[in-house]
Each structure stands twice: as structure tokens, then as C-alpha cells.
Amino acid sequence: MLNEYDLSALVVTLKLAAVSTLLLLALGTPLAWWMARTRWKYKALLEAVIALPLVLPPTVLGFYLLMALGSNGPIGGAMAWLGGQPLAFTFAGLVIGSVIYSMPFVVQPLQNAFSAIGSRPMEVAATLRASPLDRFFTVAVPLARPGFITASVLGFAHTVGEFGVVLMIGGNIPGETQVLSIAIYDHVEALEYGHAHWLSGGLLLLSFILLVSIYTINRRFTLMQQVEHEH
Amino acid sequence: MSIDCRINIDRPNFSLDIELAIASTGITGITGPSGGGKTTLLRAMAGLEKNSRGYLRVGDAIWQDAMHFTPPHQRQLGYVFQEASLFAHLNVQDNLQYGMRRVPNSQRKVSIDRAIDLLGIAPLLQRKPTQLSGGERQRVAIARALAVSPKILLMDEPLSALDIQRKREIMPYLETLHGELDIPIIYVSHALDELARLADHLVLIDNGKVKDSGAIGDMLTNFDLPLARGDDAAALINGQVSGHDDEFQLTYIDFAGGRFTVAKKPLAIGHPVRLSIAARDTSLTKQHQSDTSILNIFPATVQAITAEGNSQVMVRLSAQGTPLLSRITRKSAELLALDKGSEVFVQIKTVALLA
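Residues numbered from 1 in each chain as written. Chains lettered and ligands numbered in written order. Predicted model: local features only at pLDDT ≥ 70, side-chain atom pairs only at ≥ 80, totals over all residues. Heavy atoms only, no water.

Enquirer: Break down the sheet that holds strand β4 (residues 52–58) of chain B for me, with residues and values.
Expert: Residue and element names in this part refer to chain B. The antiparallel open sheet is built from four strands, whose spatial order is β2-β1-β4-β5. Among the strands making up the open sheet, the edge pair consists of β2 (14–22) and β5 (61–64). Between one strand and the next, the sheet's axes are offset by a mean angle of 10°, whatever the strand orientation. Pairing between β4 and β5: three bridges, direction antiparallel. Bridge pairing in β5 links V58 to A61. Across the sheet, helix α1 (residues 38–46) touches β1 (3–11), β2, β4 and β5, and the angle it forms with β1 is around 115°. (Pairing = 2+ DSSP bridges. Helix = DSSP H or I, 4+ residues; strand = E, 2+ residues; numbered from the N terminus. Axes fitted to C-alpha atoms, helices over the stretch in contact; angles between N-to-C directions. Contact = heavy atoms within 4.5 Å.)

Right, dumping it as C-alpha cells:
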């Protein structure tokens with residue numbers, strides 16, 4: 001069964017995933033909206049930067065983050081200069097890492113959902129007296145609902161499952177930066193296969209349940225829209 | 001209230017350069033070949049075309065001039081798009097209320113109940129857009145646009161996405177709007193039959209420019225325009241019901257040039273009606289024929305004659321000021337020695353009652 005360390009790793013993991021998902025949605029929504037509508041020349045460049053974590057080994061990303069967030073790095077140094085702590089080996093550092101690492105999983109579904117809406121419903125809302133912000137929240141967001149569900153679930157699940165970045169910048173401090181994926185690794189190192197089984201099985205089940213729920217919800221939504229097209 | 005509109009749009013391979021004074025009452029039809037700029041003009045009036053320059057005044061509100069550009073959501077207009085474009089996440093009632101809720105109380109002139117009533121959509125209120133037919137959706141879209149109490153209603157080919165049956169279903173509602181509401185309507189369409197039924201004024205736009213504009217009856221019979229050509233060429237007559245004949249089941253309709261006799265219609269005396277007379281359904285005689293089955297014969301003066309292909313000509317006539325068209329063979333025109341100013345009798349075989 002789970003011991004005290006496993007439980008605190010579970011709490012840290014869920015907290016990290018929840019905070020990161022909220023931040024990802026807050027940052028990713030305007031970014032995805034802008035990317036879905038802009039005709040900016042260098043859009044491809046930005047898209048590539050956001051998608052980098054998909055192809056980059058997580059340790060590479062983690063290494064650069066460690067350099068940036070540590071006391072000698074630009075961000076960590078700035079924090080120290082302002083009288084704060086360097087961000088490496090802290091929960092805040094983990095959040096920053098997770099947000100960057102999971103960004104494509106949030107931005108891409110949102111961008112696709114916003115693109116699929118097209119400009120027409122927004123124009124209709126404009127002729128019905130809705131200001132730009134008003135029509136974003138009352139038309140674009142509800143119509144992009146499947147995108148938001150996919151983005152939240154993927155962002156959350158991907159953060160729960162991350163290993164390389166966390167290993168590099170987290171430092172594996174119990175109760176602070178030790179997450180489940182690393183706890184599993186530690187158990188295996190220590191030949192505690194029973195613990196590793198419990199944690200791995202739990203994560204497997206959680207991921208499966210999350211994915212089944214997105215596919216079910218989105219399928220229902222797609223079917224609804226198909227009915228509309230057949231009319 | 002009048003509408004003054006000067007709009008300029010320059011795009012790499014299209015430019016729009018329109019100057020137009022639009023009537024403050026009735027329906028102004030905008031027609032012309034596709035790609036000519038009809039829809040772009042309408043979108044520019046709504047403020048949906050960002051790089052349009054010019055001047056737009058609706059009543060006492062200036063929506064656009066050199067100094068400022070009122071964004072679409074601050075223009076008091078209603079817009080009906082080609083596809084109904086109802087909000088998929090809202091039911092009919094919430095779609096109707098979306099715009100109305102955002103209109104300040106002092107500006108509300110059309111109540112939501114009135115809009116529902118005019119378009120006959122009361123039974124649909126709780127449905128989702130997916131549960132409506134194409135015609136029903138477009139009626140909801142029209143009601144939604146009316147519920148914002150617009151100073152002007154812009155309609156972009158509202159019927160073109162519908163089949164003939166759905167069109168027939170919506171037409172009467174549009175005619176009601178025309179009669180019941182004091183809101184000028186700008187109605188873009190390439191379908192002359194729709195415009196002949198609905199429009200009072202017509203603007204012909206081609207290649208980004210206004211080719212001509214005027215009262216629809218004059219525009220449809222103007223030989224300088226492509227409208228008065230071909231198989232569908234027809235003249236419009238506005239008249240009113242002047243009596244009924246119960247024995248023969250007939251209705252009489254008076255207009256400036258005389259009295260029409262048509263099959264009986266259940267219309268009150270004095271009711272205004274619009275008739276369409278196709279050029280191909282008329283013939284001309286020099287003398288008034290009395291031994292003919294044709295009942296509708298009117299004296300008229302030839303105003304102009306133009307060739308229609310090799311064997312036919314189109315003749316424009318004036319029956320006491322009302323323009324009429326007649327398409328006859330070139331041979332007949334020569335045998336009758338028709339020329340500008342000739343006095344003739346127009347025999348009308350078929351009359352279509354439009355509204």
C-alpha cells in the first residue's frame with residue numbers, strides 16, 4: 001500500500017497538475033485565440049516554439065530551465081537580486097517547467113477549436129451589439145467547449161505524467177517537489193516493486209479514465225454538430 | 001430619415017467604389033452579377049469590413065467618416081446573413097434574446113413578442129437550432145435581427161440557401177415586414193423574382209460600382225440595363241383591388257393605365273397588389289381586338305425598341321405612364337411598322353399576382 005512519502009508525492013502531483021492547468025488555460029486561451037485568427041508572417045515560428053516540447057527530450061528542456069532558473073541563471077539571478085529565492089528546486093520552479101512543457105497540449109486543441117468556429121458567429125454577435133470581449137466569452141468560449149475540455153484534460157494528465165523536466169529542476173524534495181512519477185522511479189531503484197505497482201496502476205487508471213471522458217464528451221458534441229449539418 | 005453612403009474598398013484584385021442615397025422607407029433591392037460587390041457593400045455598411053473608407057450616415061447617426069469608424073456592435077442595425085448562423089449553443093429563445101438584451105431600454109422599439117409574432121416562430125422557442133428546418137432557422141435569424149430594434153435592416157441573400165418550397169414559406173413573412181414595419185430594409189439578392197415581389201427600389205451593382213438605381217418598375221424595363229432582357233424580362237404594375245365579379249369568379253384590379261381582370265382572389269377592395277407581366281406573355285395590335293379571348297387589353301405608346309437575338313425584338317411601352325415590356329418577332333414589329341411614338345394595344349395573356 002501507500003506510505004507517507006507516496007501520499008505526499010500524490011498531493012504534490014495533484015497540486016502541481018491543478019495549478020499548472022489553471023495557468024495553462026489562463027495563458028493558453030488568449031495565445032490560442034490570437035494564433036487562430038492572426039495572419040502574422042512569423043506565426044509558424046511561434047507555433048514551432050510552442051510545439052518544441054512535443055519533440056524535445058524532456059531532459060533537454062529541464063536542463064535549460066535549470067540553467068535559467070538557478071541562482072546563476074538569468075531568471076533565478078533576477079529573483080535573487082529582487083530578494084527572493086532562486087526558482088530551481090522549488091514548487092514554483094516546477095510549475096514554470098510544467099507550464100512550458102505542457103503548453104502545446106493546451107494551445108493546440110484550443111487553437112483548433114477556435115479555428116473551427118470561424119469568423120461568422122463572432123460577426124453575428126457583433127451585429128447583435130456584443131462588444132469584442134462580450135462576444136468572446138458568450139460565443140467563442142461556449143462554442144469551443146470541446147476544445148477546452150480536451151485542453152484541460154490533456155494539460156492536467158500530461159503534467160501528472162511528466163518526469164524528465166521534474167527530475168532536472170525539481171530536486172526530488174519530499175512534500176515540496178517530489179511527484180509520483182519520480183516516487184515510482186525511486187521505488188523501482190530500491191526494488192520496492194509493490195509500491196511501484198500501486199502507484200503505476202493508479203496513474204494508468206487515472207489517465208485512462210481522463211481520456212475516456214474526453215473522447216465521450218467530444219464525440220457527443222461532434223454528433224450534435226453533424227446533425228446540424230445534415231439539415 | 002435618410003441613408004447616405006459612400007464606400008471605398010481597395011483590395012489587390014477587387015475594388016469597391018459606391019456612392020448611394022438609400023430611401024428611408026421600403027425595401028431597397030441590391031442586385032448584380034456575383035463577385036460584383038453586393039455582399040461587400042452590405043458588410044461595409046455593417047462595419048464588418050475593416051479597411052473600408054468613406055462616409056456612412058443613417059438618419060442622424062454618422063457611422064463612418066474620415067475621422068472615425070463606429071464598430072459594428074455600436075451601430076443600430078440588424079443583419080441577416082445568407083446562412084441563418086444561429087448560435088449552436090443556444091436555443092431559439094436565447095438566440096432571440098442575445099441581441100435584445102444588449103439594447104438599452106430607451107432604444108427598444110420592436111418587442112421580442114412582436115418579432116416572434118411577425119415571423120410566426122412561437123412554437124419553436126424551446127428548440128435548439130439543430131432541431132429546425134432551414135426555413136425555420138432563417139425565420140429565427142430574421143426575428144433575432146429585428147429584436148434589436150434596428151434603424152436599418154440589412155439582408156444578404158436571406159433565401160438563397162433555401163429550396164423553392166422553403167422560399168415560398170418565408171416570402172409571406174418578408175412581405176409582412178415590408179408592410180408592417182417602419183424600418184428601411186436593404187435586401188441583397190441575385191434573384192429578380194424575389195426582388196420583383198419585395199423591392200420598391202433597385203440598385204444594380206457591377207464590378208464594384210453602381211450601374212444604375214431607381215424605382216423597381218423603371219429599372220426592370222430600362223433597356224440600358226441587362227434586367228430588361230431575355231426570357232424572364234417582366235414589368236411590374238402596382239395597383240389595387242377595385243371589385244369582384246361573383247358570377248364569373250373574377251377580381252378587378254385598377255392601375256394608372258386601366259383595369260385588369262384576373263381570376264378571383266380573396267382580397268378586400270382597396271387592397272394594394274403588385275402584378276408581374278412577362279414580356280413573352282404579351283402581344284401587340286394596332287387596332288383594339290374585340291373578337292379575342294384575351295380580357296386584358298390596354299392602349300399604350302411605344303417608347304423604345306431593341307433587338308433580342310436575330311429574330312425577336314423587345315418593345316418598351318408606356319400605358320399612361322406605367323412601363324410595360326413586350327417581346328415580339330422582328331417580323332411582326334416591321335409588319336406593324338412599330339416605331340417610337342406608335343400607338344398600339346397591348347394584349348396580356350398571363351398576369352402573375354405577386355403580393
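Now, onward.
Enquirer: Mind laying out the pairing of strand β13 (residues 258–263) of chain B, listing which residues take part and the relevant values?
Expert: Residue and element names in this part refer to chain B. The pairing of strand β12 (residues 250–255) with β13 spans six bridges and is classified as antiparallel. Paired with I253 across the two strands is F260, which belongs to β13. Between β12 and the antiparallel strand that follows it, β13, lie two residues.

Enquirer: Quick one: what's the story with the interface of chain B and chain A, residue by residue and with numbers?
Expert: Each partner contributes residues to the interface: chain B has 24 residues there, and chain A has 22 residues. Considering only the side of chain B, the residues that lose the most area to chain A are B:H73, B:R102 and B:T130, jointly responsible for 28% of the buried surface there. For the interface between chain B and chain A, the tally reads three salt bridges. Salt-bridge contacts for A:E123 lead to B:R43; the nearest nitrogen and oxygen are separated by 2.7 Å. Taken together, chain B and chain A are joined by eight residue pairs in polar contact (both at pLDDT 80 or more). Elements supplying a minimum of two residues to the side of chain B that touches chain A: β6 (77–80), α2 (92–100) and α4 (134–146) of chain B. (Buried area = accessible area lost by both parts, 1.4 Å probe. Salt bridge = Lys/Arg side-chain N within 4 Å of Asp/Glu carboxyl O. Polar contact = N/O pair within 3.5 Å; in protein donor to acceptor, adjacent residues only side chain to side chain.)

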